[in-house]
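# Fold and geometry: a report
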Amino acid sequence: MNKSFDFQNRMENLSYAIGYYRKKKGLSQEQLAEAIGLSRQHVASIEAPGMDRGLSLDTLFKIATVLEIEPYLLLKFKLEV
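This write-up is about the structure you can find in this document. (Residues numbered from 1 in each chain as written. Predicted model: local features only at pLDDT ≥ 70, side-chain atom pairs only at ≥ 80, totals over all residues. Heavy atoms only, no water.)

## Here we look at the pattern of salt bridges
Pairing between side chains of opposite charge can happen when the charged atoms of each approach one another. Summed over all chains, the structure comprises three salt bridges. Between Glu-47 and Arg-22 there is a salt bridge, with the nearest N and O atoms lying 2.6 Å from each other. Of this pair, Glu-47 sits in helix H3 (residues 40-47) while Arg-22 sits in helix H1 (residues 7-25), and the two are 25 residues apart along the sequence. Like Arg-22, Glu-47 is buried. In this structure, Lys-62 and Asp-58 form a salt bridge, with 3.3 Å as the shortest nitrogen-oxygen distance. Placement of both Lys-62 and Asp-58 in helix H4 (residues 57-67) is noted, with a separation of four residues, approximately one turn of the helix. (Salt bridge = Lys/Arg side-chain N within 4 Å of Asp/Glu carboxyl O. Helix = DSSP H or I, 4+ residues; strand = E, 2+ residues; numbered from the N terminus. Buried < 20%, exposed > 50% of the residue type's maximum accessible area, 1.4 Å probe, protein only.)

Right, here's the structure in full:
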């Protein structure tokens, strides 16, 4: 069974998910960045579709904690277009 893994699509969905849940929580990129110990520019690059900057599990867990959601919600998010 040969299933391909679309890394770029998954990373784009992850970036949209972070932005979606951040806005739903009422936080700016700057507020999220401060809460997780990163610069606003770093958070902006994480949220940018087509980002070429990956993020660590540590960062993913910190983001989920601040957003008060389970990390899997960020990973399973799919943009509906």
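## Structural notes on the nonpolar core
One recurring pattern in soluble globular proteins: nonpolar side chains tend to sit buried together. Of all hydrophobic cores here, the largest spans 18 residues; its most connected members are Ile-18, Tyr-21 and Leu-74. Of all the secondary-structure elements, those providing two or more residues to this core are H1, helix H2 (29-36), H3 and H4. Counting residues per element, this core draws most heavily on H1, which supplies five residues. Leaving out residues up to four positions away in the same chain, Ile-18 has contacts with Leu-32, Ile-46, Glu-47, Leu-55, Ile-63, Leu-67 and Leu-74. (Core = buried A, V, L, I, M, F, W, Y, C linked by side-chain atoms within 4.5 Å. Contact = heavy atoms within 4.5 Å.)

## Some points on H1
In this model, H1 (19 residues) spans 27 Å end to end at C-alpha, consistent with the 27 Å of a helix rising 1.5 Å per residue. Three or more residues of H1 are buried, namely Met-11, Asn-13, Leu-14, Ser-15, Ala-17, Ile-18, Gly-19, Tyr-21 and Arg-22. Contacts made by the buried residues of H1 are with H2, H3, H4 and helix H5 (71-76). Of the residues flanking the end of H1, it is Gly-26, one or two places downstream, whose phi is positive at about 80°. (Expected span 1.5 Å × (residues − 1).)

In short, geometric facts, not functional conclusions.
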